[in-house]
Amino acid sequence: MQDFLYPLPQKSLVSRFKPVFGKLNSGQSVSLASLPHTGKSSLVQFVLSQPDLLKDLGSNRLNIYLNPENFSRITTVNLYKNILSQLNQKSFTNPDEYYLLNEIKKCINQPVTFILDWPDGWKNMPQEAGMGLKSIWESGQHTIPHQINFLFLVPPSPITYPFLQPLKSLLIENLIYFPTFNKHECIYSIQRFSKMWQKSILPKEINEIVQKSSGIAGLIKPLLSLPINTEKLNLICKDLLPYINNLPKDSFVYQLVKSYLPNQRIGDIEIDGELSSQEYSILQRFVSEPNILFTRDQ
């Protein structure tokens, strides 16, 4: 009988993350891409908290987990202080970012992986902070494997924020896709939540949730709730909307997300075919500001 202590079976977690940690252990950087709500972030954090799993993955590096949600304010100083707190648990009150950056470099005496989570959270982080992380990387390039590298958790499409520009060459070094849950993983997750909630669920209901969730991990809990958590479903569908073309066309979730598409018409222009929310916004911008030249980043 399964005890469901892990969010996914141990073998499944190892097989999912073996390619990622294989690259990281060799000193390379990785961008781990997936659709929103596929469980990537929470599973990464779980793996980092489990010494036995890290051992199975051959991890011999210190992992520094960085998520802007953990900063009181999105500033370079707060980023550096967060790194220092994970390096040696020491509190630094000096607010000078150059002093803090030098302290980070002094503290690093073993291979380190910086894990950058929540991509949109870095939107307002200054470019200088990215330059600081790049200088930390440069200071650790005298060893093989490289002493410093990065694991960046990203959506399927690229994002261009000033903070990320100095790190761009590193973040595209290895792109690994994180797949949606397979049938076995969905069933395990459903049974795990059922046990946690002390809820009995029939095989027919399990199969229905597997089909409707389409491997999107975040959909399992709201679909398992009775009544179905429509508020959470709406939130997930809106987050998936920019990536609708990455969803299986014959899936329940594709049809659900498709219902959130805006009216395919802009002014007098009739759109032939489907546009994602992102494509629609770009076209709307072009139409509303004719004869204006935009840069790719804009």
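Conventions adopted
- Starting afresh in each chain, residues are numbered from 1 along the sequence in its written order.
- Only residues with pLDDT of at least 70 are given local features in this predicted model, and only at 80 or more are side-chain atom pairs given and counted; all residues enter the totals for whole chains, interfaces and linings.
- Only heavy atoms go into the side-chain values, all of them from the structure, while hydrogens and water stay out.
- Using a grid of 1 Å spacing that covers the protein atoms alone, one calls a set of points a cavity when a 1.4 Å probe fits there but cannot get out, and a pocket when the set is open and has protein on both sides within 12 Å along at least five of seven lines; lining residues are those with an atom within 4 Å of a point.
- Grid points are joined across faces, edges and corners, and a volume is the space filled by probe spheres set on the points.
- Strands are runs of DSSP state E lasting at least 2 residues, helices are runs of H or I lasting at least 4, and numbering of each runs from the N terminus.
- Multiplying 1.5 Å by the residue count of a helix minus one yields the expected span of that helix.
- Burial here depends on accessible area, computed with a 1.4 Å probe over protein chains only, as a share of the maximum for the residue type. Under 20% is buried, over 50% is exposed, and the range in between is partly exposed.
- Throughout, a residue-residue contact means that at least one pair of heavy atoms, one from each residue, lies within 4.5 Å.
- A carboxyl oxygen of Asp or Glu within 4 Å of a side-chain nitrogen of Lys or Arg is what we treat as a salt bridge.

(A) The arrangement of the layout of surface pockets in detail. Reported here for the second largest pocket is a volume of approximately 190 Å³. Lys199, Ser200, Ile201, Glu205, Glu208, Ile209, Lys212, Leu223, Leu224, Leu226 and Ile228 together form the lining of the second largest pocket. Mapped by element, the contributors of at least two residues to the lining of the second largest pocket are helix 9 (203–213) and helix 10 (217–224). It is helix 9 that provides the largest number of residues to the lining of the second largest pocket, a total of four residues.

(B) Quick look at helix 4 (residues 76–88). A rise of 1.5 Å per residue sets the reference length of helix 4, with its 13 residues, at 18 Å; its end C-alpha atoms lie 19 Å apart and thus fit the reference within 8%. Looking only at helix 4, the buried set comprises Thr76, Val77, Asn78, Leu79, Tyr80, Asn82, Ile83, Leu84 and Leu87. Close packing links the buried residues of helix 4 with strand 2 (62–66), helix 5 (97–107), strand 3 (112–116) and helix 6 (127–139).

(C) Structural detail: the pattern of salt bridges. Applying the stated criterion across every chain, the model contains three salt bridges. Its salt-bridge partner being Glu185, residue Arg16 comes within 2.8 Å of it at the nearest N-O pair. Here Glu185 lies in helix 8 (residues 183–196) and Arg16 lies in helix 1 (residues 10–25), a separation of 169 residues in the sequence. Comparing Arg16 with Glu185 shows no difference in burial state: the two are buried. One salt bridge in this structure joins Lys106 and Glu103, with 3.1 Å as the shortest N-O distance.

Treat this as a map of the structure, not an account of what it does.
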